[in-house]
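The lines below spell out each chain.
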Amino acid sequence: MTPRPDFKALEQAIAAPPGEFRRDYLQVKDLRVSFDGFVAVDGVDLVVTSGDLRFLIGPNGAGKTTLIDAITGLAKATGSASFGGVELLGLPSHKIVRASIGRTFQTASVIEELSVLQNLDIAAGLHRKPRELLGRRKGIPEAVQIAIETIGLAGLATAPAGVLAHGQKQWLEIGMLLVQDARCLLLDEPVAGMSAAERDQTGELLKRIGEQRTVVVVEHDMEFLRSFADSVTVLHQGKVLAEGTVAQVQADPKVVEVYLGESDASA
Ligand code: ADP
Ligand code: MG
């Protein structure tokens, strides 16, 4: 017998979300980035809560990567970007990492000569004190163990990262963010160049990770988006063109005109 949902508890939870939920959201306000007068991000407002797997789409040059660069301190921006109430703009990158923000790049940046485990260990070291890093290691830290299982690479722990398939390298990068305890993950085209099977596995991984974290995925692949996005923000010429569920965004004539129509036609 299926238990009946506790509607009263649900209503209370919606009216007063737990503190954790209230704090764990990414809020971008009137964000602007310009390069020598060219405005790449033009007044973007964005709120992404944890548990809402958000896809950020838009034609080439829409400003998706620049938006992530601005949030992670790689591009100079005005406006505001905060996570957990901590203002990120103006912080040096190590403080942005400490504010629990993690990102990946289109090209994976794992250390190919080191093993999967060593790559994760190094990432974990960001939160360890220098003395602990120098000290003798006692087994595998729990965070590393959990991460390697989450990303499905436990069987390849001692393999050099260089021998991993393209998709597996992206998963390792995601694992590196997990051991750093990133609670907000910004992933720039994580499935570009992956096989269909790898894309599906990545989608499942992102769903799992996104249950308790704030995740923004930049992506072009419409099929991938339809399968895994909880919500979508469409960027065009540096501005938010539309936002909503996959169905809402797909039905938006503005979106069809600048993006979906064009991409579906070419797919
Ligand atoms: P997307 O990731 O959506 O494809 P980008 O954020 O990479 O788009 O780029 C947005 C716009 O900003 C593009 O027109 C791009 O040429 C420009 N741009 C990005 N980075 C720089 C830079 N460092 N200097 C000058 N222009 C840039
Ligand atoms: Mg880009």
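Residue indices follow the written sequence of each chain, beginning from 1 at its first position. Throughout, the order in which chains and ligands are written sets their labels, letters from A for the former and numbers from 1 for the latter. Only residues with pLDDT of 70 or above have their local features reported here, since the model is predicted, and side-chain atom pairs are shown and tallied only from 80 upward, although totals for entire chains, interfaces and linings are computed over all residues. Calculated side-chain values reflect all of the structure's heavy atoms, with hydrogen atoms and water omitted.

A. Looking closely at the overall build of the protein. A tally of regular secondary structure across the protein gives 12 helices and 10 strands. For the protein, long-range pairs separated by at least 24 residues make up 68% of all intrachain contacts whose partners lie at least 6 apart in sequence. Counting every atom, the protein has about 13900 Å² of accessible surface; 54% of that belongs to carbon and sulfur. Labels follow the DSSP assignment, with helices taken as runs of H or I lasting at least four residues and strands as runs of E lasting at least two, numbered in each case from the N terminus. Throughout, a residue-residue contact means that at least one pair of heavy atoms, one from each residue, lies within 4.5 Å. To measure how exposed things are, a 1.4 Å probe is used in the Shrake-Rupley method; for residues, cover is taken only from the protein chains shown.

B. Main features of the site of ligand 1. Taken together, Phe-35, Phe-38, Ala-40, Pro-59, Asn-60, Gly-61, Ala-62, Gly-63, Lys-64, Thr-65 and Thr-66 make up the full set of residues near ligand 1. Two N or O atoms count as a polar contact when they lie within 3.5 Å, although within protein this holds only if one can serve as hydrogen donor and the other as acceptor, and sequence-adjacent residues are included solely when both atoms are side-chain atoms. Between ligand 1 and Thr-66, the relevant distance is 2.5 Å, taken from an oxygen atom to a side-chain nitrogen or oxygen of the residue. Isolated, ligand 1 exposes 560 Å² of accessible area, and the fraction of that covered by the protein chains is 58%. For the shell around ligand 1, the elements supplying multiple residues, two or more each, are strand E2 (38-49) and helix H3 (64-71). The nearness test applies per residue and asks whether one of its heavy atoms lies within 4 Å of the molecule or strand.

C. Region of the structure containing the pattern of salt bridges. The salt bridge criterion pairs a side-chain nitrogen of Lys or Arg with a carboxyl oxygen of Asp or Glu, the two atoms within 4 Å. Scanning the entire structure with this criterion turns up 10 salt bridges. Residue Arg-183 pairs with Asp-24 through a salt bridge whose shortest N-O separation is 2.1 Å. Of the two residues, Arg-183 sits in the loop between helix H8 (166-179) and strand E7 (184-188) while Asp-24 sits in the loop between helix H2 (19-23) and strand E1 (25-35), which places them 159 residues apart along the sequence. Look at Asp-24 and you get buried, because its relative accessible area is 2%. In this structure, the salt-bridge partner of Glu-112 is Lys-169, at a minimum N-O distance of 3.1 Å. Here Glu-112, found in the loop between strand E6 (101-104) and helix H5 (116-124), pairs with Lys-169, found in helix H8; they are 57 residues apart in sequence, far enough to count as distant. Accessibility here uses a 1.4 Å probe with only protein chains present; expressed as a share of the type maximum, an area under 20% marks a residue as buried, one over 50% as exposed, and anything in between as partly exposed. Here Glu-112 falls in the partly exposed class, since its relative accessible area comes to 36%. Among the ionic contacts, a cluster of salt bridges with common partners joins Asp-30, Arg-32, Asp-42 and Lys-239.

D. Summary view of the sheet that holds E1. The 4 strands lie next to each other as E2-E1-E4-E5, forming an open sheet whose pairing is antiparallel. Each edge of the open sheet is held by one strand with a lone partner, namely E2 and strand E5 (86-87). Examined bridge by bridge, strand E4 (residues 78-83) and E5 share 2 bridges and lie antiparallel to one another. Paired with Phe-83 across the bridge in E5 is Val-86. Here H3 sits on the sheet and contacts E1, E2 and E4; the angle it forms with E1, its principal contact strand, is near 110°. Two strands pair if DSSP finds at least two bridges between them. Angular values range over 0 to 180 degrees, each being the angle between N-to-C directions of two axes fitted as lines to C-alpha atoms, with helices fitted over their stretch in contact.

E. Molecular detail of the nonpolar core. By nonpolar core is meant a set of buried Ala, Val, Leu, Ile, Met, Phe, Trp, Tyr and Cys residues that side-chain atoms within 4.5 Å join together. Counting 45 residues, the largest nonpolar core has Phe-55, Leu-120, Leu-153, Leu-172, Leu-185, Leu-225 and Val-232 as its most contacted members. The greatest single-element share of this core, amounting to 7 residues, is contributed by H8. Contacts of Leu-120, omitting those with residues within four sequence positions, involve Val-144, Ile-148, Leu-172, Gly-175, Met-176 and Val-179. Ranked by size, the runner-up nonpolar core spans 27 residues in total, among them Ala-70, Ala-75, Ala-81 and Ile-96.

F. Region of interest: the sheet that holds E6. Spatial strand order, E6-E7-E8-E3-E9-E10: 6 strands in an open sheet with mixed pairing. Edge positions in the sheet fall to E6 and strand E10 (239-244), since each has one partner strand and no second. The mean angle between the axes of side-by-side strands here comes to 20°, regardless of whether they run parallel or antiparallel. Relative to E7, E6 runs parallel, the two sharing 4 bridges.

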